[in-house]
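# Structural overview for review
Spelled out, the chains give:
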Amino acid sequence: SVECVFSKNNLYVTYQIGTFVYFSYYRTNIIPPSWTAPQQVSGNIYSATNPRITINNYGSVDTVYFTFDEFDARQIKWRRYNVDSGMGPLFSFYQSSRYYLKNLCVSVDNSYIYYFYYDIVGLRNQWRVNRIWNNSFYVAGATTGTTVQQKIFSTTTANNTPCTAAW
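Remember, it's a predicted structure, so these values are computed and weren't measured experimentally.

Scoring rules and cut-offs
- Here the residue numbers are simple positions, counted from 1 along each chain's written sequence.
- Residue-level local features of this predicted model are given only where pLDDT is at least 70; pairs of side-chain atoms are given and counted only at 80 or more, and the full residue set underlies all totals for whole chains, interfaces and linings.
- Side-chain numbers come from the whole structure's heavy atoms, not from hydrogens or water.
- The pairing criterion is simple: DSSP has to find at least two bridges between the two strands.
- By definition, any uninterrupted DSSP run of H or I lasting at least four residues is a helix, any uninterrupted run of E lasting at least two residues is a strand, and each is numbered from the N terminus.
- Helix axes are fitted only over the stretch in contact, all axes being lines through C-alpha atoms; the angle between N-to-C directions runs from 0 to 180 degrees.
- Only protein chains enter the calculation, and the probe is 1.4 Å; a residue is then buried if its accessible area is under 20% of its type maximum, exposed if over 50%, and partly exposed in between.
- Any pair of N or O atoms that falls within 3.5 Å is considered a polar contact. Within protein, one atom must be able to donate a hydrogen and the other to accept it, and sequence-neighbouring residues count only if both atoms are side-chain atoms.
- The criterion used for residue contact is that any of the two residues' heavy atoms lie within 4.5 Å.
- Throughout this description, the term nonpolar core refers to a set of buried Ala, Val, Leu, Ile, Met, Phe, Trp, Tyr and Cys residues connected via side-chain atoms within 4.5 Å.
- The term salt bridge refers to a side-chain nitrogen of Lys or Arg lying within 4 Å of a carboxyl oxygen of Asp or Glu.

## Observations regarding the sheet that holds strand β11 (residues 101-108)
In a beta sheet, neighbouring strands pair by backbone hydrogen bonds and run either parallel or antiparallel. The strand order across the open sheet built from 4 strands is β11-β12-β13-β14, with neighbouring strands paired in antiparallel fashion. Whereas interior strands pair on both sides, the edge strands pair on one side only; in this sheet they are β11 and β14 (137-142). Taking each pair of neighbouring strands and ignoring which way they run, the sheet shows an average axis angle of 20°. Pairing between strand β13 (residues 125-131) and β14: 5 bridges, direction antiparallel. Directly across from Gln126, in β14, lies its bridge partner Ala142.

## As for the side chain of Lys77
Relative to the elements of secondary structure, Lys77 occurs in strand β8 (residues 75-82). Relative accessible area serves as the criterion here: at 12%, Lys77 is assigned to the buried category. Within the structure, Lys77 has its side chain in polar contact with the side chain of Gln75 (distance 3.4 Å). At a separation of 3.2 Å, a polar atom in the side chain of Lys77 contacts the side chain of Ser92. The contact partners of Lys77, leaving out residues within four places of it in the chain, are Phe66, Thr67, Phe68, Glu70, Leu90, Phe91, Ser92 and Phe93.

## Focus: the pairing of strand β1 (residues 2-7)
Side chains Glu3, Val5 and Ser7 of β1 all project onto a buried face; the interleaved residues Val2, Cys4 and Phe6 project onto a face where none is buried. Where β1 meets strand β2 (residues 10-17), 6 bridges bridge the pair, whose relative direction is antiparallel. When the sheet's bridge partners are listed, Cys4 is paired in β2 with Val13. Here β1 hands over to β2 after 2 residues, with Lys8 in that stretch at a positive phi of 45°.

## Some points on the pairing of β8
Burial analysis of β8 places 6 of its 8 residues in the buried class, the great majority of the element. Note: strand β7 (residues 63-70) against β8, 8 bridges, orientation antiparallel. The residue bridging Phe68 from the neighbouring strand is Lys77, located in β8. Between β7 and the antiparallel strand that follows it, β8, lie 4 residues; Arg74 among them carries a positive phi value of about 55°. Here β8 runs beside strand β9 (residues 86-87); their pairing, made up of 2 bridges, is antiparallel. In the strand pairing of β9, Tyr81 is matched with Met87. Taken together, β8 and the strand that follows it, β9, pair antiparallel across an intervening segment of 3 residues.

## Some points on the nonpolar core
Counting residues in each nonpolar core, the largest one holds 13 residues, and the members touching the most others are Tyr12, Phe23, Val41, Ile53, Val64, Phe66 and Tyr81. Broken down by secondary-structure element, the contributors of at least two residues to this core are β3 (20-27), β6 (48-56) and β7. Residues within four places of Tyr12 in sequence aside, it is in contact with Glu3, Cys4, Val5, Ser7, Phe23, Ser24, Tyr25, Ile53, Ile55, Asp62, Val64 and Val83.

## Quick word on the pattern of salt bridges
Tallying each qualifying case throughout the model produces 3 salt bridges. Across the salt bridge formed by Asp62 and Lys8, the nearest N and O atoms sit 3.2 Å from each other. On the criterion of sequence distance, the pair formed by Asp62 in the loop between β6 and β7 and Lys8 in the loop between β1 and β2 is long-range, its members being 54 residues apart. The partner of Glu70 in a salt bridge is Lys77, with the nearest N and O atoms 3.9 Å apart. Across the pair, Lys77 and Glu70 agree in class, each one buried.

As far as function goes, none of this settles anything; it's purely spatial.
Here it is as structure tokens:
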């Protein structure tokens, strides 16, 4: 479970060790290039899995977004890291009382965080959009079939549109 994105001379990486999700980045624009100290992204209460990462590089400073499953709690969590101000608070993105959820990917623009997942019981791809500034629900949907598709890649295009490729 390792994912990374590159922006503004930094390679941002999120990864899982044991039941925790961590984050670090490699600064290529300093001499010598170096890694930042690892930071824990997940909380300490539940087991975190399936870390995903995306970036909003609009403006002069990168803001990195993470999502991961808290499998025991049947929750999806998200958090952001701003290069200038550090790690933000941990948010519950979605919780299910019936299903275990599996994190597929995340994308972001200036206003919304877009989350793609499937529930392990129903095996349906689903998506959800929340507002970044207050984590409030905006819209959600699901695919019509029962075929689970694996994420290949997600990104935000130059015109600030989130896109996800799957097979």
